[in-house]
Each structure stands twice: as C-alpha cells, then as structure tokens.
Amino acid sequence: MGWLRRAIGYLGAAAALVAGWWLLALIVDSPALPGPGLALGDFATLFFSDLLPELGVSAWRVVASMAISVALAAPLGLLVGRSPRLDAVVAPMIFLTYPVPKIVFLPVLLVLLGIGGAPKIALIALIVFFQILVTARDAARQIPAASVLSVRSLGATRSQVFRHVVVPAALPDIFTALRISTGTAIAVLFFSESIAGTSGVGYYIIDAWSRIAYSEMFAGIITMALLGVVLYELLEMAEARVCAWTRAGR
Amino acid sequence: MARVEVRDISVVYEGADRSVRALDSCALDVADGEPIAIIGPSGCGKSTLLLAAAGLVRPSAGEVLVGGRAVDAPRLKTALILQDFGLLPWKTVFHNAALGLEIRGVAGAERARLVAEALERLGLAEFASAYPAELSGGMRQRLALARALALDADTLLMDEPLSALDALTREDLQGLLLDIWRQRRHTAMLVTHSIEEAVFLGRRVVVLSPRPGRVAAVVDNPEMGAEGYRETSAFYERCAELRALLAAEGALHGAAAGGEA
C-alpha cells in the first residue's frame, strides 16, 4: 500500500507542477519558456532517440561518483569518529577543507583528466565525499556508550564492535546524507557537462539552448529532473531495506 | 567455577581536568552460585564495581578474580545486563539474543537452537523477528535475560536491570529473576536502588559507602528465595535494617524518606 500512496502523491505533485508551469508560461509569454504541452511533446518524441543515450551517460557519471565517494568517505568518517587519536589529526583537515567550494577545481580537473567523463566523476565525487565524511564522523561520535559497552561485555573485538554497532548505527545518517547529496551531485553534473564535453543531459540542455530550441531544452530539463527523482527514490528504497529497524514501532 | 573475588580494588577515572576516585580498596567475595545484591547512595561506584567484574574497567589497584582467574578482559561465561538492557535497536529479537553467541563464533545451527530455547523460556518465541522498539519495557528486559541465558552464563552481572520498568512489571520480573536463579544456580551480582529488590534477590546485601565506594556493611539474608518471603515480617525487618544502614551512609535524606527510589 505504501508504494501506491507514494505513486499517487508523485502524480498529484507532478500535476500541480505542470499546472503551475502552464500558468507561468501563459504569464511570461516568451519562447524561452514554452508551455508544458510543447516540452512534454518533445520529451515524448525525443526520449528514446536522443535523450535516453545522454541520460545513460549522465546517470553513470552520478552513480559512479556517488559510489566512489561513499565507499571512501563512509569507512574513513566512521574510523575517525570512533578514534580520538585519528580525529585529532583528521578533523582539523576536514574543517579547513570542507568550506572550500570544490567546484572551483573543475578547470584543474579538466586539464588533468581531459574533457570526458573522468573530470565530471572526479568533481562530483570530491564534493559528495566531504558531505558523507562529515556526516559519518558525526554519526560515529554520537553512538551511545551503552551500546558499545554491552557488545564489548560480550567479548567483541574492535572490528566486531564496528560490524554490530558502529556501521548499523550510522547507516541511517549516511543514507540521509546520500539522499541530500543527489541534489548537489546533479547540480554539479549539469555544471560540469555544460562547461566542457559533448555528452550527457547537461550538454544536451546547453546545446539546445545555443540552437534556440527551447522546447528541446525543456525536454532535457525534464530528463535531468527525472534522473534526480529516480536516484532519490532508489536510495529511499535501499534505505527501507537496509535500515528496516528505523521504521519499527512507529 | 564462578566464584567472584574482588580484591581491594580502586578505580580512578581520569577526567580532563580532575580525576574521580570511584572505588577505594573495595573488597568482596561472592561464592559460586551465590546471588548478592549491591546497594548504596547514588554515585557510590556500584556500576563501576560491576564493570570491573565484567572486565570492562581496569582497576588502578587490586584485582578481580572470577572462577579463580584474574579478569582483564570480558570473560566468556559472564553476562552483563545494563539498565537500558544493552539491546541493539537495529537487530531483531532473535539477533539480539544471538549476539553473544555470534561474537563467540558459535555455529549457525547451534546458535539458532540455543536462541530459540532461550526465547521460548522467556516467552519471546513469537516475537523473534520483531525489533526492540516494538517490545514493551518488560519484554526488552526479558530479551536481555534471554541473551544471557543463550550464552549459558555462569555469572550474571546486573546493573539496575529493572529500574526503568513500571512497578508491576518490575515485581513480575523480580519473580522471573528469582525463578531463573533457582533453576540455574548461577553467581549473580545485582546492583539496585531498591531496598525491597535487594532483599528479595540477594542472599547477602552489600551496602556501599558514598564515593569513593567501599563496602560499608554486609547484611545476611538467608531466607532469600523462600516461598512467600516477600509477605513475611522477616522481609520487612530486613528492609528496615537496610534502610537504617543506608540512612547512616547518607543515602537517605530525612528519616521519613524511605522506600524505593
């Protein structure tokens, strides 16, 4: 029943968005803001021929970069959060580098990695890495001492404490950070694809814009939004499976 | 087997700017299979004493022997039950009960059998796949007991295990703790704030002094475990005796302030 209510919610929200868009297009009355009819029409006709290949390229870039950052940042953040000695060394580095807008390194990455997928993946991974790292560290620090004590009293080794307590306790926070990061990741993806390269939905949007093909541009924007929604939903589903306990007893 | 010998231990917690002496030359001998209760003013180091016996806190002086061997790390046959039950919210009832066995590397089939037995005994069999958040307080406490039983622990260290429960559930579980002890005859050290609970569950009741904690008095309670003991006048007299001792230790403020905390 949950998924049905969700689907109905999504449909209702989509209908409200389209209605608002239609109204706005009427008021603005500019070719740069075509109505939903035109854009959705282009989206439908171009989806399999033109949009899907670009969507595949973009989706790969986002998923790969998020996978890389979570694989590196989550274990590091948990280790740092549980070890005061490591934390003393790493935390100042995090505090120093976290506020630096990593997006300014795009030119450097373009020089080093070319204009293909690699610099885009590297840039997104770099930005998401810090968001996950900070979250994982904080989550590991907040684990109740009693949970650790009770497991240690059973004779658990350090790695068993991680496996039975630290990792499961931090997972919901890490999932939340990942879900929030999808928005950031897709924004960075659009930026990097529109600056350099000849592939991806971001490139498609900017290319349509330069050709003054506004309804195609909007078909690209819809595709980008779709990518965000699908990623967010997939993460939500994964969390519901992996962290079923957070929904227990509510 | 599981005699617990606390030999003049002192425990000092090193804080950021000062150190706190929680226990000072505390000595105590618990015979194999003897259930004792430990009671004392708040912050007298009762919990520290249990943690030291569990091998989780290292004394700065003295030593603790369990089963004749010095405890410097958690011991396989000792089970520790904490005030908040020490359950992991992300594990189901089954996996919480199985945790000790899993950590000790007991094979899957054997583990499932032992856990099923323990859950059955504590009336939790039908909740095996529930999460702790779905259980009542009394059920959570029984689950913590199930974990200890699944381990076949010969020593149960309990730190105010029932203090978070309502009065009725609490009395119910006191009866359960007594039943289990009667059947298994394990060594038990129960830290409690409740005078009645101490007299009901401790064959000896140890009174600790205010911090730094040391043994101020030991009250023998040989009738413990007798049928209907709670209703006898001997029970009330023992409680009154303890209350007087605790008042002398400064645990009670004002002569009228008796009863359970």
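Just so we're clear, the structure is a prediction, and the values are computed from it rather than from any experiment. (Residues numbered from 1 in each chain as written. Chains lettered and ligands numbered in written order. Predicted model: local features only at pLDDT ≥ 70, side-chain atom pairs only at ≥ 80, totals over all residues.)

So, on to the overall build of chain B. Helix and strand counts for chain B come out as 7 helices and 10 strands. Here chain B has a C-alpha radius of gyration of 18 Å; the compact-globule value for 261 residues is 18 Å, and the two agree. Projected onto its principal axes, the C-alpha positions of chain B cover 50 × 45 × 35 Å. Going through the 261 residues of chain B one by one, you find that 46% of them count as buried. Contacts in chain B between residues at least 24 apart in sequence constitute 69% of all its contacts with a sequence separation of at least 6. (Helix = DSSP H or I, 4+ residues; strand = E, 2+ residues; numbered from the N terminus. Rg over C-alpha atoms; globule rule 2.2 N^0.38 Å. Buried ≥ 20, exposed ≤ 12 C-beta atoms within 10 Å, placed from the backbone. Contact = placed C-beta atoms within 7 Å.)

Right, let's talk about the domain arrangement of chain A for a bit. Where the parts come together, the accessible area they lose is often given as the size of the interface. With domains assigned, chain A is organised as domain 1 (1–30) and domain 2 (34–247). Between domain 1 of chain A and domain 2 of chain A, the C-alpha centre-to-centre distance is 26 Å. (Domains from an automatic or database assignment.)

Moving on to the sheet that holds strand E1 (residues 4–14) of chain B. Residue and element names in this part refer to chain B. Taking strand neighbours across the sheet as the criterion, the 4 strands line up as E2-E1-E4-E5 in an open arrangement whose pairing is antiparallel. Each of the sheet's edge strands pairs with one partner strand only, and the pair in question is strand E2 (19–30) and strand E5 (69–70). By the bridge criterion, 2 bridges tie strand E4 (residues 61–66) to E5 in an arrangement that is antiparallel. Pairing of Leu65 across the sheet is with Ala70, part of E5. Here helix H1 (residues 46–54) sits on the sheet in contact with E1, E2 and E4, set at roughly 115° to E1. (Pairing = 2+ DSSP bridges. Axes fitted to C-alpha atoms, helices over the stretch in contact; angles between N-to-C directions.)

Another aspect to go through is the sheet that holds strand E3 (residues 35–39) of chain B. All names here are of chain B. Pairing in this open sheet of 6 strands is mixed, and the strands run E6-E7-E8-E3-E9-E10 from one edge to the other. The strands lining the two open edges of the sheet, one partner per strand, are strand E6 (78–81) and strand E10 (215–220). Each neighbouring strand pair of the sheet contributes to a mean axis angle of 15°, computed without reference to strand direction. In terms of strand pairing, E3 meets strand E8 (residues 187–191) through 4 bridges, oriented parallel. Bridge pairing links Ile36 to Met189 in E8.

This part is about the interface of chain B and chain A. If you look at the interface, chain B gives 18 residues, while chain A gives 18 residues. Of all the elements, helix H2 (residues 93–103) of chain B adds the most residues to the side of chain B that touches chain A, at 3 residues. For the side of chain B that touches chain A, the residue count by class is 13 nonpolar, 2 polar and 3 charged. (Nonpolar A, V, L, I, M, F, W, Y, C, P; charged D, E, K, R; others polar.)

All right, on to the nonpolar core then. Core analysis: the biggest nonpolar cluster contains 130 residues, and Ile132 of chain A together with Ala53 and Met189 of chain B have the highest contact counts within it. When residues no more than four places from it in sequence are discounted, the contact partners of Ala53 of chain B are Val4, Val6, Val64, Val66, Val71, Leu157 and Met189 of chain B. (Core = buried A, V, L, I, M, F, W, Y, C linked by C-beta atoms within 7 Å.)

On to the pairing of E10 of chain B. Residue and element names in this part refer to chain B. In terms of strand pairing, strand E9 (residues 204–208) meets E10 through 5 bridges, oriented antiparallel. Residue Val205 lies in a different strand from E10, and its bridge partner there is Val219. In textbook terms, the turn of a hairpin is the stretch between consecutive antiparallel strands, and for E9 and E10 this stretch comprises 6 residues.

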